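A closer look at the structure
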Amino acid sequence: ADIRGSVKLSRFRIDFGGVRVRGAGWSVADAGGTLFAREPLALDVKTDWSLTDEDRVAGSAHAVGDLDRLLVEALIDRPGIARVEAELTELSDALRWRGNAQIEQLDLTQWMESPPVGPLAGTLEIEGDLARYAARGIIRGTGLPGAGVGIETAMRYADRRPHIASLVLETALGWVVRAEGSMAVGEEPAF
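Analysis parameters
- Residues numbered from 1 in each chain as written.
- Predicted model: local features only at pLDDT ≥ 70, side-chain atom pairs only at ≥ 80, totals over all residues.
- Heavy atoms only, no water.
- Helix = DSSP H or I, 4+ residues; strand = E, 2+ residues; numbered from the N terminus.
- Buried < 20%, exposed > 50% of the residue type's maximum accessible area, 1.4 Å probe, protein only.
- Contact = heavy atoms within 4.5 Å.
- Areas by Shrake-Rupley, 256 points an atom, 1.4 Å probe, with all protein chains shown as cover.
- Lys, Arg positive; Asp, Glu negative; His and termini not counted.
- Charge placed at Lys NZ, Arg CZ, Asp CG, Glu CD.
- Salt bridge = Lys/Arg side-chain N within 4 Å of Asp/Glu carboxyl O.
- Pairing = 2+ DSSP bridges.
- Patch = residues over 30% accessible without salt bridge, like charges linked within 9 Å, V, L, I, M, F, W, Y side chains within 5 Å.

1. Some points on the overall build of the protein chain
Scanning the protein chain from terminus to terminus reveals zero helices and 13 strands. Reading the helices (α) and strands (β) of the protein chain from amino to carboxyl end gives β-β-β-β-β-β-β-β-β-β-β-β-β. Looking at the protein chain residue by residue over its 191 residues, the buried ones come to 31%. Residue pairs in contact within the protein chain that sit at least 24 positions apart in sequence constitute 22% of those at least 6 positions apart. Summing over all exposed atoms, the protein chain offers an accessible surface of approximately 12,100 Å²; the carbon and sulfur share of this is 56%. Of the side-chain charges in the protein chain, 21 are positive and 29 negative, and the distance between the mean point of each set is 4 Å.

Encoded structure:
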């Protein structure tokens, strides 16, 4: 809906700054960086971003590489605090990614008055492409078993909401919960 920014062109590179882009349900704010003229096109970009109109899912990112292989470090500020390090491959053809997410804090009191667990923290291995996403790892927090809860999930994103094909939660004691469904991010998440 809106694109703003400044660009400086030279023979071998494009430097840009103050770039703002707003789409339906997402935005990029204050992006800056350099595109290098080579085959494949290379880039070094820093930006702030959000995935919802109300900026309820937001953070910043730094990406370095080219259209064959891009290394991304993203910091998530809302709704929790996390760091994601991922490698994106085949950006121009069949985008895929693989990486790790370190959740430092996710406080459920922003959505419910007296949550049964939390704040939560954890480590996840993540991977996906434009059609599907997957994550597996351990979530820890007050109210959870000391060893944490294993999580494994597969999902896709459509109609501005995650659709969960499979969610498995497992404790060290052998308790297992299996679920599927969808989630809407908003003032209060709807499941």
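Next comes the rest of the description.
2. Description of the pattern of salt bridges
The tally for this structure, following the rule as stated, stands at 10 salt bridges. Its salt-bridge partner being Arg38, residue Asp66 comes within 3.1 Å of it at the nearest N-O pair. With Asp66 in strand E5 (residues 58-66) and Arg38 in the loop between strand E3 (26-36) and strand E4 (42-50), this pair connects stretches of sequence that are 28 residues apart. For Asp66, a relative accessible area of 13% corresponds to the buried category. Judged by its relative accessible area of 49%, Arg38 falls in the partly exposed class. Taken together, the shared-partner salt bridges in this structure form one network comprising Arg98, Glu125, Glu127 and Arg136.

3. Comments concerning the side chain of Thr171
For Thr171, the position within the fold is in strand E12 (residues 161-171). Here Thr171 is in contact with Pro145, Gly148 and Val149, once residues within four sequence places are set aside.

4. Concerning the pairing of strand E10 (residues 133-141)
A regular strand places its side chains so that they alternate between the two faces of the sheet. The sheet contact formed by strand E9 (residues 120-129) and E10 spans nine bridges and is antiparallel. Along E10, the bridge assignment pairs Glu127 with Ala134. Linkage of E9 to E10, two consecutive antiparallel strands, is achieved through a turn of three residues. Alignment of E10 against strand E11 (residues 149-158), held across seven bridges, turns out to be antiparallel. Bridging across to E11, Arg136 finds its partner in Glu152.

5. What to know about a negative patch on the surface
On the surface, Glu39, Asp68, Glu90 and Asp93 cluster together to form a negatively charged patch. Looking at the element boundaries, Glu90 is found in the loop between strand E7 (81-89) and strand E8 (96-106). Look at Glu90 and you get partly exposed, because its relative accessible area is 38%.

6. Some remarks on the pairing of strand E6 (residues 69-78)
Pairing analysis gives eight bridges linking E5 to E6, with the strands arranged antiparallel. If you follow His62 over to E6, its bridge partner there is Glu73. Joining the antiparallel neighbours E5 and E6 is a turn of two residues. Pairing between E6 and E7: eight bridges, direction antiparallel. Its bridge partner lying in E7, Val72 is registered against Ala86. Between the end of E6 and the start of E7, which pair antiparallel, lie two residues.

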